[in-house]
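Read off the chains here:
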Amino acid sequence: MTVKQLGQRQLFTMKRKSLEARVIRYYNETKDSDSVVEYAVAILVRNALSIGGAFSDIFKDLIRSIFMEAEPSAALRQFMPYFQSYFSNDEWRALINRLFKNKSEYHHFKDNAKANIRYLTPKNSTKTNEKSSFNLISVFFAADGKKHTWTLKDIDNSRKTEEIRALLKILSSLTILKKDDVRRFTQLVAFDIFESTHHTHFEEPQPETQAESAQNTPVKEKNTKKTTARSVASTAKAANNATSANTGKTNSPKLATQIVAKTSPVPIASDTQKLVNDPPAAQNPTTGRAAPPEKSASEKNQPPIIKNDTPLSGKVNEQQKTSPKTSEGLFNKVRQLLRQ
């Protein structure tokens, strides 16, 4: 699989770890040393303009190996002065003898880059306000003569105008920044710095998924049933306790009758009709008990019935045995009837 060249978006927006891995992979598959060196120069400009210096010495070992081992080219000679800090003094002298035919040629490229090299070192500034940032919006001429804008976010606003101008002019020397094979940065036109403030954040609440609704519904119904049953039981228990307490505290028969009437169930239709046909007996105002029903004339003439409270058993009680006189009288009556 062929790795594509890195463009403007990757070089100025990707994070360090991903960007470094992408460049190393590109070189391992293509051995395109000239493009990798220009990638490194573009990242040096980004690092100098941004806050914190997060891209300092990015893929340093790869750059060292390219300058010390790759075939000499015009790109290596032109951009070599930007990487002097990557080498020791002895290594640097060896590179000059390797890449240039004479020292005058070396000094020509060094003088052209000298005005901008001193600004490539980042200031390592920190962000003072987390809610605000500064964006750089620049205008360049492309190779076809058309203007286009380029934006770099979250820059170091402590940079002076001359410093930013020198760093942006480095981009106009790169050939890798293209669109549809047309160079994008050939000449700097203008740039502006704008402060961007984070004012408000809003996030629309997300609706509950169907799966979550299906899982939650049975649980809610089950809990509702348990709660209802528990409430009914508690209510019934409270009512019984209240009734028992009131009954125990009642000393007046009349008040006890009222409490029983309140806790008694409402009679159904048949019971109501029975109450109409057979009205309850009047109560004795003294005792609070129902008065006995009034006896008829025939019931008043009948002798009283002796109530025996002795419990029933298999044998006849001694009080219930018939006396001898009574048995003899009955026998005589039976004999007279037979004679007739």
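Everything discussed here concerns the structure shown above.
Note that this is a predicted model, so its numbers are computed, not measured.

Q: Is there a simple way to think about the overall build of the chain in this case?
A: What the chain contains, in helices and strands, is 13 helices and five strands. Of all 340 residues assigned to the chain, the portion counted as buried reaches 26%. Restricting the contact set of the chain to residue pairs at least 6 apart, pairs at least 24 apart contribute 63%.

Q: Whenever I open this one, the packing of helix H2 (residues 16-30) against helix H3 (residues 33-49) confuses me. Can you help?
A: Two packed helices can be described by the angle between their axes and the distance between those axes. The interhelical angle for the contact between H2 and H3, taken along N-to-C directions, is 165 degrees, at an axis separation of 10 Å. It follows that H2 is roughly antiparallel to H3 by the angle criterion. For the pair H2 and H3, the sense of crossing is left-handed. Residues Leu19, Val23, Tyr26 and Tyr27 of H2 form the contact with H3, whose own contacting residues are Ser33, Ser35, Val36, Tyr39, Ile43 and Arg46. Grouping the constituent residues of the contact of H2 with H3 by class yields seven nonpolar, two polar and one charged.

Q: Explanation requested: the side chain of Asp156 in the structure shown.
A: Relative to the helices and strands, Asp156 resides in the loop between strand E2 (147-152) and helix H8 (161-171). Buried and unpaired, Asp156 has Arg159 as its nearest opposite-charge partner, separated by 4.8 Å. At 2.6 Å, the side chain of Asp156 and the side chain of Ser158 are in polar contact.

Q: Sorry, what's going on with the pattern of salt bridges here?
A: Any two side chains of opposite charge can pair, so long as their charged atoms come close to each other. Throughout the structure, instances matching the rule amount to five salt bridges. The shortest N-O distance in the salt bridge between Glu91 and Arg64 comes to 3.0 Å. On the criterion of sequence distance, the pair formed by Glu91 in helix H6 (residues 89-99) and Arg64 in helix H4 (residues 60-69) is long-range, its members being 27 residues apart.

Q: Would you mind going over the packing of H3 against H8 with me for this structure?
A: One can describe the packing of H3 onto H8 by two numbers: an axis separation of 9 Å at closest approach and a directional angle of 160 degrees. Comparing their axes, H8 and H3 come out roughly antiparallel. Viewed along their axes, H3 and H8 form a crossing whose handedness is left-handed. Of H8, the residues touching H3 (which contributes Val41, Ala42, Val45, Ala48 and Leu49) are Ile164, Leu167, Leu168, Ile170 and Leu171. Of the residues belonging to the contact of H3 with H8, the class tally is 10 nonpolar, no polar and no charged.

Q: Honestly, the side chain of Arg184 in this entry has me stumped. Any pointers?
A: Relative to the helices and strands, Arg184 resides in the loop between strand E4 (182-183) and strand E5 (187-197). For the buried Arg184, no salt bridge is present, and the opposite-charge side chain at shortest range is Asp144, 6.9 Å distant. Those residues in contact with Arg184 that lie beyond four places of it in its chain are Gln8, Phe140, Phe141, Ala142, His148, Leu177, Lys178 and Lys179.

Q: Before we go on, may I ask you to explain helix H7 (residues 103-117) in this structure?
A: One turn of an α-helix holds 3.6 residues; hence residues three or four places apart share an orientation. Taking the largest bend as the criterion, H7 deviates by roughly 30 degrees, centred on Asp111. Looking at H7, one finds that the buried residues are Tyr106, Ala113 and Asn116.

Q: Hey, could you run me through H4 in this one?
A: Residues of H4 that are buried include every one of Leu62, Ile63, Ile66 and Phe67, and no others. For H4, the angular spread of the buried residues around the axis is 125 degrees, confining them to a single face. Seen from the open side of H4, the exposed residues pointing more than 90 degrees away from its buried face are Asp61 and Glu69. On the buried face of H4, the contacting elements are H2, H3, helix H5 (74-79) and H6.

Q: I tried to follow the sheet that holds E5 on my own but got confused; where do I start?
A: To summarise the sheet geometry, strands pair through backbone hydrogen bonds and adopt either a parallel or an antiparallel arrangement. Strand order in the open sheet made by the three strands is E2-E1-E5, with antiparallel pairing throughout. Each having just a single partner strand, E2 and E5 make up the two edges of the open sheet. For this sheet the average axis-to-axis angle between neighbouring strands, irrespective of direction, equals 20 degrees. Across six bridges, the pairing between strand E1 (residues 132-141) and E2 is antiparallel. Across the sheet, the residue bridging to Val139 is Thr149, located in E2. Contacts from H8 reach E1, E2 and E5, with the element oriented near 125 degrees to E5.

Definitions and limits used
Residues numbered from 1 in each chain as written. Predicted model: local features only at pLDDT ≥ 70, side-chain atom pairs only at ≥ 80, totals over all residues. Heavy atoms only, no water. Helix = DSSP H or I, 4+ residues; strand = E, 2+ residues; numbered from the N terminus. Buried < 20%, exposed > 50% of the residue type's maximum accessible area, 1.4 Å probe, protein only. Contact = heavy atoms within 4.5 Å. Axes fitted to C-alpha atoms, helices over the stretch in contact; angles between N-to-C directions. Parallel < 35°, antiparallel > 145°, perpendicular 65-115°, else oblique. Left-handed = near helix turned anticlockwise from the far one by under 90°. Nonpolar A, V, L, I, M, F, W, Y, C, P; charged D, E, K, R; others polar. Lys, Arg positive; Asp, Glu negative; His and termini not counted. Salt bridge = Lys/Arg side-chain N within 4 Å of Asp/Glu carboxyl O. Polar contact = N/O pair within 3.5 Å; in protein donor to acceptor, adjacent residues only side chain to side chain. Bend = angle between axes of the 7 residues up to and from the residue. Arc of directions from axis to C-beta. Pairing = 2+ DSSP bridges.

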